[in-house]
Amino acid sequence: MRSFKRLGAELILSAQGLTKIFGSAPPFVAVRGASLDLCPGDKAVIIGRSGSGKSTLLAMLGALMRPTAGKLLLNGADMWSFPEEERALYRSRQAGFVFQFPSLLANLTALDNIAAPALLSRAMEPGRAYAKAFDLLSRIGLSGRADSFPGSLSGGEQRRVAIARALINSPSFLLADEPTSDLDEDTEAGIMALLEELQASEGFGLVLVTHSPALASHAERVFEMRDGVLETVEPPAPRAAPAPRPRRSAALPDEPRLPPKAPAGPQAAARLGAELWRSVEPFAFWGAVMLGGVLLANFGAAKYQENHLLEREQRKAQMADMALSRLQAEVQSVEDLGDGRYELVVSLRNARGDAPIYVMPPDMRAYIQVGKVWQEVPVEASESNPGGISKIEGKSDFRYVFEARVKDFTQLLPNYMHVRFSESMLVSPSRMPRGDVFERKDNFYVYLKPFDIANEVILKRMKFPGKPPVWIPMPPH
Ligand code: ADP
Ligand code: MG
């Protein structure tokens, strides 16, 4: 069988008579026989009123939703005749999505959000993923906001990050569903200019869904969706003189008024080069990987229109629930053993004791932040840890000894080290797992008191009721 993996760069995505019918009593035809060809470099704009079927068509083009009839072909190969893994590969490597709703992960930084799909799909090594994410960040004009969380970014900035995230795996096709629907007109124009600029440099095929005819004026191909029927329309010519524009939400497809061409995009920041590679290589970020589950859930949200989940996906969801919700992990204690050695106790708890959970002994790594780099320090599992597969019914403790003798560590809290423990373990509902294994990864962050800084020195900068604590837990980040 041909695999999408082996298809060359010259791709043609071809929708042939795609139809989607929801429900049965009575059936509702959301999309009726839509056909469309797209090559890398092409731009197709789909306009249409709300509820006309644009998002449904886009979900089918992205193989997120199975058509009721018709075919989605990639270089002539029928995507729905392949096993699910192949479609997953298409979704993660060939197609980039910018959703209608804000979809950044709130607890990841802008940089982590962009890098996450590359890490999750294992498309590249973490070092490369972060180098590419930095590069994209500078190209969307946000290189200074790498460490910002989505909550602190404006709507337009968030949308830029979402676009960069969609491009991290260098997709052949970018599917953007009303990427500016909730933005003001200037921001909208900036985003459109950015999309054009990125398309010119990256060469992806773009399908842009919008309910604003203004945005269609740049496209060589414009389609209009009317009650589920996709029709070719003449691209509206851009107006020469800027006129006072009606509110964007009032700009329905059949309105003749068109806003002016979008102004030039953001200052393209200089491409980050080889220097960057060196500086990000040591980043072995597990954080984004751990939050992968959340991102996958996000993709799940994109599949919200599917009426039923495949049984296998339900099983996977149950597995994820068991491994991520029922099994709780936390740092129990950190004890100073002297001379830079510390004992870490991590406890695993089965939140609902009704069914046992089996785990392979967690693999633990420890990192201390030095500048922008997480420096790994030695960790050894205690011999008192249960060997082999452990059955977790109530609470079980796992002990590790790590060494923290690091110079010039970053001090988020005066005189304290910023430490990350990264744990990974295989979790299963059965003692003899057969395919029903989930790999769970956790990051725990603590402030740690260095062994060679006297309590008095710490107390000069910070107040504690008694002696300064050896460790202070931090919220996940
Ligand atoms: P648009 O993106 O153009 O606003 P959509 O593709 O979201 O339109 O929806 C097209 C029509 O299909 C709407 O009437 C919507 O209510 C309906 N629809 C979308 N998803 C579902 C679903 N999962 N079940 C039933 N009807 C749906
Ligand atoms: Mg929609």
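Rules behind the numbers
Residues numbered from 1 in each chain as written. Chains lettered and ligands numbered in written order. Predicted model: local features only at pLDDT ≥ 70, side-chain atom pairs only at ≥ 80, totals over all residues. Heavy atoms only, no water. Helix = DSSP H or I, 4+ residues; strand = E, 2+ residues; numbered from the N terminus. Buried < 20%, exposed > 50% of the residue type's maximum accessible area, 1.4 Å probe, protein only. Contact = heavy atoms within 4.5 Å. Areas by Shrake-Rupley, 256 points an atom, 1.4 Å probe, with all protein chains shown as cover. Salt bridge = Lys/Arg side-chain N within 4 Å of Asp/Glu carboxyl O. pLDDT = per-residue confidence, 0-100. Near = heavy atom within 4 Å. Patch = residues over 30% accessible without salt bridge, like charges linked within 9 Å, V, L, I, M, F, W, Y side chains within 5 Å. Pairing = 2+ DSSP bridges. Axes fitted to C-alpha atoms, helices over the stretch in contact; angles between N-to-C directions. Expected span 1.5 Å × (residues − 1). Parallel < 35°, antiparallel > 145°, perpendicular 65-115°, else oblique. Left-handed = near helix turned anticlockwise from the far one by under 90°. Nonpolar A, V, L, I, M, F, W, Y, C, P; charged D, E, K, R; others polar.

Trainee: Any chance you could break down the overall build of the chain for me, citing the residues and the numbers?
Mentor: When helices and strands are tallied, the chain shows 11 helices and 21 strands. Among the 477 residues that make up the chain, the fraction classed as buried is 50%. Here the contacts in the chain between residues at least 6 apart in sequence split such that 72% fall between residues at least 24 apart. Within the structure as shown, the chain displays about 22200 Å² of accessible surface, and the carbon and sulfur contribution to it stands at 53%.

Trainee: Lay out the pattern of salt bridges with the relevant residues and their values.
Mentor: In this structure the tally under the stated criterion is 18 salt bridges. Here arginine 226 and glutamate 224 are joined by a salt bridge, their closest N and O atoms 3.3 Å apart. Taking the relative accessible area as the measure of exposure, arginine 226 reaches 47% and is therefore partly exposed. A salt bridge links arginine 226 to glutamate 231, with the shortest nitrogen-to-oxygen separation between them at 3.5 Å. Because the salt bridges share partners, they merge into one network encompassing Glu84, Arg87 and Arg91.

Trainee: Tell me about the confidence of the model for the chain, and please be specific about residues and values.
Mentor: For the chain, per-residue confidence averages 79 on the pLDDT scale, and residues scoring 70 or more make up 79% of the total. Within the chain, helix 7 (residues 274-280) has the poorest average pLDDT of any element, 28, and strand 4 (residues 69-74) the best, 97. This stretch, residues 1-8, has a pLDDT under 50; its non-local contacts, to residues over four places away or in other chains, come to 21 contacts. Residue range residues 239-312 is modelled with pLDDT below 50. Its contacts to residues more than four positions away, or to other chains, number 139 contacts.

Trainee: Can you break down the site of ligand 1 residue by residue, with the values?
Mentor: Inspection of the region around ligand 1 gives 13 residues, with Gly51, Gly53, Lys54, Ser55 and Thr56 positioned closest. Considering ligand 1 on its own, with 560 Å² of exposed area, one finds that the protein chains cover 69% of that surface. Of all elements in the fold, only strand 2 (28-38) and helix 1 (54-61) reach the threshold of two or more residues within the shell around ligand 1. The element best represented in the shell around ligand 1 is helix 1, accounting for three residues.

Trainee: Could you give me a rundown of helix 3 (residues 110-120), with the residues and numbers involved?
Mentor: Counting buried residues along helix 3, 10 of its 11 residues qualify, which places the element largely inside the surrounding structure. When helix 3 is considered as a whole, its buried residues turn out to be Ala110, Leu111, Asp112, Asn113, Ile114, Ala115, Ala116, Pro117, Ala118 and Leu119. Just beyond helix 3, the residue with positive phi is arginine 122, at close to 50°.

Trainee: Please provide a residue-by-residue account of a nonpolar patch on the surface, values included.
Mentor: A cluster of nonpolar side chains, Met360, Ile389, Leu426 and Val437, forms an exposed patch at the surface whose accessible area comes to about 280 Å². Along the chain, valine 437 falls in the loop between strand 19 (417-428) and strand 20 (438-448).

Trainee: Outline unusual backbone geometry, listing residues and values.
Mentor: Each neighbour pair has its own omega, and for alanine 25 with proline 26 the value is -5°, a cis peptide bond. Along the chain, the position of proline 26 falls in the loop between strand 1 (13-22) and strand 2. Phi is positive for alanine 63, which is not a glycine, with a value near 55°. Tracing the sequence through the fold places alanine 63 in the loop between helix 1 and strand 4. With a relative accessible area of 0%, alanine 63 lands in the buried category. Non-glycine residue asparagine 415 carries a positive phi angle of around 70°. Take asparagine 415: it is sitting in the loop between strand 18 (395-403) and strand 19. By relative accessible area, asparagine 415 is classed as buried at 10%.

Trainee: Tell me what's going on with the sheet that holds strand 5 (residues 77-78), and back it up with residues and numbers.
Mentor: Pairing is antiparallel across the open sheet formed by four strands, whose spatial order is 2-1-4-5. The open sheet terminates on both sides in strands that have one partner only, identified here as strand 2 and strand 5. Taken together, the five bridges between strand 1 and strand 4 define a ladder with antiparallel strand orientation. Among the inter-strand pairings, alanine 15 is bridged to a residue of strand 4, identified as leucine 72. Strand contacts of helix 1: strand 1, strand 2 and strand 4, with the helix running at about 125° to strand 1, the strand carrying the most contacts.

Trainee: A description of the environment of tyrosine 445 should follow, citing residues and the corresponding values.
Mentor: Relative to the helices and strands, tyrosine 445 is located in strand 20. Taking the C-alpha atoms as reference points, tyrosine 445 and phenylalanine 421, separated by 24 residues in sequence, lie 6.4 Å from one another.

Trainee: Lay out helix 5 (residues 155-167) in plain terms, naming residues and giving numbers.
Mentor: Along its 13 residues, helix 5 runs 19 Å from first to last C-alpha, staying within 8% of the 18 Å computed at 1.5 Å per residue. Among the 13 residues in helix 5, 10 count as buried, and that is most of the element. Among the residues making up helix 5, those that are buried are Gly156, Arg159, Arg160, Val161, Ala162, Ile163, Ala164, Arg165, Ala166 and Leu167.

Trainee: Can you lay out the packing of helix 3 against helix 5 for me, pointing to particular residues and giving the numbers?
Mentor: To characterise two packed helices, one gives the angle between the axes of the helices and the distance between these axes. In the contact formed by helix 3 and helix 5, the axes pass within 7 Å of each other and the chain directions differ by 30°. Between helix 3 and helix 5, the angle falls in the class roughly parallel. The chirality of how helix 3 crosses helix 5 is right-handed. When helix 3 is examined against helix 5, the residues Ala110, Asn113, Ile114 and Pro117 are found in contact with a partner set consisting of Val161, Ala164 and Arg165. For the contact of helix 3 with helix 5, a count of residues per class yields five nonpolar, one polar and one charged.

Trainee: Summarise the pairing of strand 20; cite the residues concerned and give the values.
Mentor: Consecutive side chains along a regular strand alternate between the two faces of the sheet. By the criterion of burial, strand 20 is predominantly enclosed, with 10 of the 11 residues buried. Strand direction decides the pairing type here: strand 19 and strand 20, joined by 11 bridges, are antiparallel. For methionine 417, the partnering residue across the bridge sits in strand 20 and is leucine 448. Here strand 20 runs beside strand 21 (residues 471-473); their pairing, made up of three bridges, is antiparallel. Of the residues in strand 21, the one forming a bridge with leucine 448 is tryptophan 471.

Trainee: Can you break down the sheet that holds strand 10 (residues 229-233) residue by residue, with the values?
Mentor: Ordered by their spatial adjacency, six strands build an open sheet running 6-7-8-3-9-10, and the pairing between neighbours is mixed. Both edges of this open sheet fall to strand 6 (95-98) and strand 10, since each of them pairs with a single strand only. Strand-to-strand twist of the sheet, defined as the mean angle between neighbouring strand axes without regard to direction, takes the value 20°. Note that strand 7 (residues 173-177) and strand 8 (residues 205-209) share five bridges and pair parallel. Paired with alanine 176 across the bridge in strand 8 is leucine 208. Set on the sheet, helix 2 (residues 84-94) makes contact with strand 6 and strand 7; between it and strand 6 the angle comes to about 70°.

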